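# Structural characterization, general
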Amino acid sequence: MQKRQLGRTGLEVTSLGFGAMEIRGPRIWGGRPVTDSDAERILGAVLDAGINFIDTAYDYGRSEEYIGRFISHRRSEYFLATKCGCTVVDAGDHDETPHVWTRDNLLRNVDVSLRRMKTDYIDLMQLHNPTIEQTDEGQLIDVLKEIQATGKVRWIGVSSTLPHITKYIETGVFDSFQIPYSALERDHENVISAAAHSGAGTIIRGGVGRGEPGVGLGNGDKWAAWEKAKLDELLDEGESRTAFLLRFTLSHPDLTTTIVGTKSPEHLTENIKIAQKGVLSAEVYEEAKRRLLEAGQSPKA
């Protein structure tokens with residue numbers, strides 16, 4: 001599988017990464033049930049396929065625990081990214097996940113994540129979508145650097161969106177940015193380039209729009225842009241809409257990796273085959289962007 005350098009970190013990560021939110025379980029954000037065997041099977045399949053970038057978070061339910069239980073013995077085979085600023089609060093039949101942007105909570109997050117994932121270091125620690133104001137008030141960048149100095153964390157990043165992400169890029173301190181993007185959500189298309197040109201790596205989430213409604217979990221309103229842009233006319237023979245969407249995402253010249261989540265080894269295999277097919281041709285890529293622009297899907301900054 002193709003690898004790309006994650007910005008100034010020098011880490012050579014696979015262009016297709018694994019988003020471990022899908023093994024969080026049903027208590028967090030209405031997640032689907034997942035058994036121990038489900039988690040063990042998909043995590044093993046990810047590494048067996050050669051994917052070497054795994055993204056999770058403190059508040060992704062059982063995700064970190066499963067990573068520790070089932071693949072910590074293969075720690076040398078993958079780069080591990082998680083997120084901090086999170087809490088998990090028992091609300092009876094589900095868990096709430098309010099964020100707490102304090103030094104004490106970030107330090108607690110790191111230590112718990114290390115323990116859960118049975119590792120003594122995290123390759124990439126990301127702030128989990130705070131506002132600029134929250135980051136400044138909690139002096140979160142200083143806290144991340146403090147943690148980094150202990151060796152518990154190798155590199156620091158932030159998962160963010162407009163309008164805050166532009167200010168984060170301007171600081172020049174983050175080694176990576178996690179950004180939502182797909183053909184159906186082009187708001188951050190130029191932001192991805194700005195992040196990369198600052199020397200940071202770019203981690204794309206939502207690159208397949210959660211799959212086509214009725215097949216995956218995608219939002220029908222978001223997928224309406226597909227119909228309006230008549231993108232079916234650009235599909236290769238036998239190519240699915242989701243496959244085209246993933247190839248469109250991978251075609252962004254400043255993408256480092258896109259994380260795709262699933263608990264199905266079969267679905268994982270499909271995504272790998274799509275990624276191995278390669279990016280769209282320059283002609284198809286530009287035509288798709290032109291049609292999407294006419295359909296009202298354009299970069300926002």
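That block above? That's the structure.
Numbering of residues begins from 1 in every chain and follows the order in which that chain's sequence is written. Selection of residues for local features in this predicted model requires a pLDDT of at least 70, selection of side-chain atom pairs for listing and counting requires 80 or more, and totals for whole chains, interfaces and linings are taken over all residues. With hydrogens and water set aside, each side-chain value is computed from the structure's full complement of heavy atoms.

Secondary structure counts use DSSP, requiring at least four H or I residues in a row for a helix and at least two E residues in a row for a strand, with both numbered from the N terminus. What a helix should span is 1.5 Å times the count of its residues minus one. Taking 1.5 Å of rise per residue, 13 residues should cover 18 Å, and helix α11 (residues 282-294) covers 19 Å from first to last C-alpha, within 8% of that figure. For the exposure calls, accessible area comes from a 1.4 Å probe over protein chains only, and a residue counts as buried if that area is under 20% of its type's maximum, exposed if over 50%, partly exposed in between. Among the residues making up α11, those that are buried are Tyr285, Ala288, Lys289, Arg291 and Leu292. Buried residues of α11, seen end-on, are gathered within an arc of 165 degrees and therefore sit on one face of the element. For α11, the exposed residues lying more than 90 degrees away from the buried face are Ala282, Glu283, Leu293 and Glu294. The arc under discussion is defined with respect to the helix axis, by the directions toward the C-beta atoms.

Of all 9 residues in helix α2 (residues 63-71), 7 are buried, a share of seventy percent or more. For α2, every residue scored as buried is listed here: Ser63, Glu64, Tyr66, Ile67, Gly68, Phe70 and Ile71. Here, two residues are considered to be in contact whenever any of their heavy atoms come within 4.5 Å of each other. Those residues of α2 hidden inside the fold are in contact with α1 (36-48), β4 (53-55), β5 (79-84) and α3 (103-117).

This part takes up unusual backbone geometry. Residue Pro163 is reached from Leu162 by a cis peptide bond, and omega for that bond is 0 degrees. Note on placement: Pro163 falls in the loop between β9 (153-159) and α6 (164-171). Its identity as a non-glycine residue notwithstanding, Lys118 has a phi of 50 degrees, on the positive side. Along the chain, the position of Lys118 falls in the loop between α3 and β8 (122-128). For Gln139, which is not glycine, the phi dihedral falls at a positive 50 degrees. Locating Gln139 in the fold gives a position in the loop between α4 (132-138) and α5 (140-149).

On to the environment of Lys222. Within the secondary structure layout, Lys222 lies in helix α8 (residues 220-229). Judged by relative accessible area, which is 32%, Lys222 ranks as partly exposed. In this structure the C-alpha to C-alpha distance between Lys222 and Cys86, which are 136 residues apart in sequence, comes to 28 Å. Excluding its chain neighbours within four sequence positions, the residues that come into contact with Lys222 are Leu184 and Glu185.

For the rest of this paragraph, the subject is the pattern of salt bridges. When a carboxyl oxygen of Asp or Glu lies within 4 Å of a side-chain nitrogen of Lys or Arg, that pair is called a salt bridge. According to the stated counting rule, one finds 32 salt bridges in the structure shown. Its salt-bridge partner being Arg290, residue Glu287 comes within 2.6 Å of it at the nearest N-O pair. Of this pair, Glu287 and Arg290 are both found in helix α11, 3 residues apart, which corresponds to roughly one turn of the helix. Among the salt bridges present, the one from Glu294 reaches Arg290, with a minimum N-O distance of 2.8 Å. With a gap of 4 residues between them, Glu294 and Arg290 both fall in helix α11, about one helical turn apart.

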